[in-house]
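Topology and contacts: notes
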Amino acid sequence: MRRVALVILVALMPSACVSVSTFQVPEPVDPGRFVLGVGATTMMADGEVGFVPELYGRYGLASNWDVGLKFVGIPPAGLLQGDIKRLLVDGDFKLAADLGVSHAGGEVTVSSGDSESSSDWSFTALYPALIVGAGAFHGGVKGILIASGTSEDEFLTGSVFGVFAGSRFGSRVQLVPEVHLYFGDEPLFTAGLGIQLPLGGR
């Protein structure tokens, strides 16, 4: 099996096959309400730079619970990621646990020295995260656990873990800037900006 640094593989994808952003705060959306948002994330790893747009939404299921869905990439390429979040600690300091999942596929070209190879990859990923917050600031820890296969019957599993931080500005329309740093054979740094708007409710 050809080994590729997982964090580099993520950064080099021409279409989004995993999600590296969060665009979440620890507080769940109020029950029966929606939040819709758009965002964009820039990724940098091993001298390579990528840019991925996103469309996301969240819905308040019940007290302390919400769910989210986002599309990452440019249609028709891209992925859908779903997640569920539970508020664990409320008060001036807040703590929430989140778990997301996605599945996508696409062609990936990997360069090594003077050689270059392409394969059709299929990616399934889990995204466990702990999100903390106080006031307008939030952050946390996040993992990306990936199982992927190729058209040549190669198989790769791996994981990267990192930290993130962000903030919120505005009342009805909110700006949500964030940064991530994932650790692996090579670090992956991301910077993103989301714009979100609450809608409806009971």
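What counts, and at which threshold
- Residues numbered from 1 in each chain as written.
- Predicted model: local features only at pLDDT ≥ 70, side-chain atom pairs only at ≥ 80, totals over all residues.
- Heavy atoms only, no water.
- Helix = DSSP H or I, 4+ residues; strand = E, 2+ residues; numbered from the N terminus.
- Buried < 20%, exposed > 50% of the residue type's maximum accessible area, 1.4 Å probe, protein only.
- Patch = residues over 30% accessible without salt bridge, like charges linked within 9 Å, V, L, I, M, F, W, Y side chains within 5 Å.
- Areas by Shrake-Rupley, 256 points an atom, 1.4 Å probe, with all protein chains shown as cover.
- Salt bridge = Lys/Arg side-chain N within 4 Å of Asp/Glu carboxyl O.

The phi angle at Phe 23 is positive, at roughly 50°, despite the residue not being glycine. When you line up the elements, Phe 23 lands in the loop between helix H1 (6–11) and strand E1 (34–45). Backbone geometry at Asn 64 places phi at a positive 75°, although glycine is not the residue there. Take Asn 64: its relative accessible area is 31%, and that puts it in the partly exposed class.

A surface patch of nonpolar side chains, amounting to about 980 Å² of accessible area, comprises Met 44, Val 49, Leu 88, Val 89, Phe 93, Leu 130, Val 141, Val 163, Val 179, Leu 181, Phe 183 and Phe 189. Broken down by secondary-structure element, the contributors of at least two residues to the nonpolar patch are strand E4 (79–89) and strand E9 (174–183). For Leu 130, the location among the structural elements is in strand E6 (residues 115–134). Accessibility expressed as a relative area gives 39% for Leu 130, which makes it partly exposed.

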